[in-house]
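One letter stands for each residue in the lines below.
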Amino acid sequence: MYLQELTINGFKSFADKTQIKFDPGLTGVVGPNGSGKSNITEAIRWVLGEQSAKSLRGERMGDVIFAGTDTRPPLNRAEVTMVFNNDDGYLDQQPTQVSVTRRLFRNGDSEFLLNNKQVRLKDIVTLFMDSGLGRDSFAFISQGRVEAIFNSKPEDRRGIFEEAAGVLKYKQQKAKAQAQLDETDDNLDRVHDIVHELS
Ligand code: ATP
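None of the values given here were measured: they were computed from a predicted structure.

### Some thoughts on the UniProt feature "binding site: ATP" (unreviewed entry) in the protein chain
And step 1. Here, UniProt's "binding site: ATP" (unreviewed entry) annotation points to P32, N33, G34, S35, G36, K37, S38 and N39.
And step 2. Along the chain, the position of N33 falls in the loop between β2 (18–21) and α1 (37–47).
And step 3. As for its placement among the helices and strands, G36 is situated in the loop between β2 and α1.
And step 4. Contact partners of G36, with chain neighbours within four places excluded, come to K12, S13, F14 and G31.

The following block contains the structure:
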């Protein structure tokens, strides 16, 4: 699997629809300070389901929508689409090209699309969880993150390794199953109480 194409439209400094095509291998993005290099990686994290406006250097999520300049009015919608080449079947998805889109409107409405079909945020997060591409994964090391990793608490650092090793998904499933077992235990206790009262 590899990222083939990124289309950014109305997201941060990208007021005009901008399409970036990636070839297999290494791609470098160069440009003067403030030209929007970090906005590209933020667009990628955003389309993968980033929920924290702060980690996208904003106050509210609406801050990702192009806010206008002296010469251009603000826009009402931000949209980012990523297309992956999935020839190797790495992602559990058909067809071999997988596209993910996120849209946000100024009135707060938002949409996620997987292969042009509307889905929930949860579906996107689950698809990429443990793929090495999750929104919190090692695939994105933003400015300051290296120090943050070194300075993090041991248990937080462990979480980073678990995501990289692909066990996070199973840990979450285990926690869910455990919660269901606990609930069943409580129900059984209640049944025993009733049986005890009746006998
Ligand atoms: P550096 O090399 O200094 O790290 P950079 O190339 O990574 O810079 P970014 O940080 O990606 O640049 O882009 C910053 C620019 O994006 C600023 O000019 C800022 O005004 C602009 N910007 C951020 N959010 C918005 C928005 N919602 N609307 C319009 N422009 C925005």
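### Some details on the nonpolar core
And step 1. Grouped together as the largest cluster of nonpolar side chains are 21 residues, with contacts concentrated most on F11, A43, W46, V47, V64, A78 and V80.
And step 2. Only α1, β3 (77–85), β4 (97–105) and α2 (121–128) provide two or more residues apiece to this core.
And step 3. Of all the elements, β3 adds the most residues to this core, at 4 residues.
And step 4. Not counting residues up to four positions away in its chain, the partners in contact with V80 are T7, I8, F11, A43, W46, V47 and R102.

### A look at the site of the ligand
And step 1. Around the ligand sit 14 residues, and of these N33, K37, S38, N39 and A67 come closest.
And step 2. Considering only residue class, the shell around the ligand consists of 3 nonpolar, 8 polar and 3 charged.

### Observations regarding unusual backbone geometry
And step 1. The phi dihedral of N115 is positive, around 50 degrees, even though this residue is not glycine.
And step 2. Tracing the chain through its elements places N115 in the loop between β5 (110–114) and β6 (117–119).
And step 3. For N115, a count of 14 C-beta atoms within 10 Å puts it in the partly exposed group.
And step 4. Residue N116 is not a glycine yet carries a positive backbone phi of 70 degrees.
And step 5. When you line up the elements, N116 lands in the loop between β5 and β6.
And step 6. According to the C-beta neighbour criterion, N116 is exposed, with 8 such atoms within 10 Å.

### A short note on the domain arrangement of the protein chain
Interface size, as often reported, equals the accessible area lost upon joining of the parts.
And step 1. Split by domain assignment, the protein chain resolves into domain 1 (2–153) and domain 2 (167–199).
And step 2. For domain 1 versus domain 2, the separation of C-alpha centres amounts to 39 Å.

### Looking at helix α5 (residues 168–198)
And step 1. Look at α5: 45 Å from first C-alpha to last across 31 residues, which is about the 45 Å you get at 1.5 Å a residue.
And step 2. Counting buried positions along α5 gives 0 out of 31 residues, so the element sits mostly on the surface.

### Some words on the sheet that holds β6
And step 1. Here 6 strands make up an open sheet; going across it, the order is β2-β1-β3-β4-β5-β6 and the pairing antiparallel. The open sheet terminates on both sides in strands that have one partner only, identified here as β2 and β6. The mean angle between the axes of side-by-side strands here comes to 20 degrees, regardless of whether they run parallel or antiparallel.
And step 2. Where α1 meets the sheet, its contacts fall on β1 (2–9), β3 and β4, and the angle it forms with β3 comes to roughly 80 degrees.
And step 3. The strands touched by α2 are β4, β5 and β6; relative to β5, the strand with the most contacts, the crossing angle is about 45 degrees.

### As for the confidence of the model for the protein chain
And step 1. Mean pLDDT over the protein chain stands at 90; residues scoring 70 or higher make up 97%.
And step 2. Mean pLDDT across the elements of the protein chain bottoms out in helix α4 (residues 154–165) (80) and peaks in β6 (97).
And step 3. Here the prediction assigns the complex a pTM of 0.79, and the interface score ipTM is 0.96.

### Here we look at the pairing of β1
And step 1. Both β1 and β3 contribute to a ladder of 7 bridges, which runs antiparallel. Residue T7 lies in a different strand from β3, and its bridge partner there is T81.
And step 2. Bridge analysis of β1 against β2 gives 4 bridges, and the strand direction is antiparallel. Across the sheet, I8 pairs through a bridge with T18, a residue of β2.

Basis of the calculations
- Residues numbered from 1 in each chain as written.
- Predicted model: local features only at pLDDT ≥ 70, side-chain atom pairs only at ≥ 80, totals over all residues.
- UniProt positions renumbered as here; feature names shortened; annotations may be inferred.
- Helix = DSSP H or I, 4+ residues; strand = E, 2+ residues; numbered from the N terminus.
- Contact = placed C-beta atoms within 7 Å.
- Core = buried A, V, L, I, M, F, W, Y, C linked by C-beta atoms within 7 Å.
- Buried ≥ 20, exposed ≤ 12 C-beta atoms within 10 Å, placed from the backbone.
- Near = placed C-beta within 6 Å.
- Nonpolar A, V, L, I, M, F, W, Y, C, P; charged D, E, K, R; others polar.
- Domains from an automatic or database assignment.
- Expected span 1.5 Å × (residues − 1).
- Pairing = 2+ DSSP bridges.
- Axes fitted to C-alpha atoms, helices over the stretch in contact; angles between N-to-C directions.
- pLDDT = per-residue confidence, 0-100.

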